[in-house]
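The primary structure of each chain is shown beneath.
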Amino acid sequence: MSRRGQRAADALAALRKDDAAVRRPAGVDRVEDGFVVRNVGTSDVAYRCPGCDHEFAGVPHVVAWPEGDPDARRHWHTPCWAARTRRRRR
Ligand SMILES: [Zn+2]
């Protein structure tokens, strides 16, 4: 694992530890398929969903990013995120 990857892994481990410490409240991060996923509430900011390539705002949705790379986070419609995993090939 690269040094940067190790740092990211450490940061994620700390995140998980924090989650345990506060007993995973609503809106807690979870890990799916190598991505950290968080359900979030409505926002006035418009985001472009990578799943359907449409902008949306004002709806509860999902934020997901590759483990250890929160700068790469994306905002998805909740159903689009779910469809992404169903559509995944290999
Ligand atoms: Zn979408």
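Residues numbered from 1 in each chain as written. Predicted model: local features only at pLDDT ≥ 70, side-chain atom pairs only at ≥ 80, totals over all residues.

Draft legend 1. Representation of the overall build of the chain. The number of helices and strands found in the chain is 2 helices and 6 strands. Its helices and strands in sequence order give the chain the pattern α-β-β-β-β-β-β-α, from N to C terminus. When the 90 residues of the chain are sorted by exposure, 10% land in the buried category. Considering only contacts within the chain whose residues lie at least 6 apart along the sequence, 43% involve residues at least 24 apart. (Helix = DSSP H or I, 4+ residues; strand = E, 2+ residues; numbered from the N terminus. Buried ≥ 20, exposed ≤ 12 C-beta atoms within 10 Å, placed from the backbone. Contact = placed C-beta atoms within 7 Å.)

Draft legend 2. Representation of the pairing of strand β5 (residues 61–66) in the model. Of the strand pairs in this sheet, strand β2 (residues 35–40) and β5 are connected by 6 bridges, and their pairing is antiparallel. From the neighbouring strand, Phe35 faces β5, where its bridge partner is Pro66. Where β5 lies against strand β6 (residues 74–76), 3 bridges are found, and the strand directions are antiparallel. By the bridge assignment, Val62 is partnered in β6 with Trp76. (Pairing = 2+ DSSP bridges.)

Draft legend 3. Molecular detail of the nonpolar core. Counting 6 residues, the largest nonpolar core is built from Phe35, Val36, Val62, Ala64, Trp76 and Trp81. Elements that contribute at least two residues to this core include exactly β2 and β5. Not counting residues up to four positions away in its chain, the partners in contact with Ala64 are Phe35, Val36, Val37, Arg73, Arg74, Trp76 and Trp81. (Core = buried A, V, L, I, M, F, W, Y, C linked by C-beta atoms within 7 Å.)

Draft legend 4. Structural detail: the environment of Arg4. Along the chain, Arg4 turns up in helix α1 (residues 3–21). Considering only alpha carbons, one finds Arg4 and Asp69, 65 residues apart in sequence, at a separation of 10.0 Å.

Draft legend 5. Here's a closer look at the sheet that holds strand β1 (residues 30–32). A sheet is described by the order of its strands in space; here 4 strands give the open sequence β1-β2-β5-β6, paired in antiparallel fashion. Each edge of the open sheet carries a strand with a single partner, namely β1 and β6. Averaged over all neighbouring strand pairs, the angle between strand axes comes to 35°, with direction disregarded. (Axes fitted to C-alpha atoms, helices over the stretch in contact; angles between N-to-C directions.)

Draft legend 6. View of the pairing of β2. One ladder, built from 3 bridges, connects β1 with β2; its direction is antiparallel. If you follow Glu32 over to β2, its bridge partner there is Phe35. The antiparallel pairing of β1 with β2 creates a hairpin that spans 2 residues between the two strands, and Asp33 there sits at a positive phi of about 60°.

Draft legend 7. Geometry of the environment of Gly34. Residue position: Gly34 is located in the loop between β1 and β2. For Gly34, a count of 9 C-beta atoms within 10 Å gives the class exposed. Not counting residues within four places of it along the chain, the set of residues in contact with Gly34 comprises Pro66 and Glu67.

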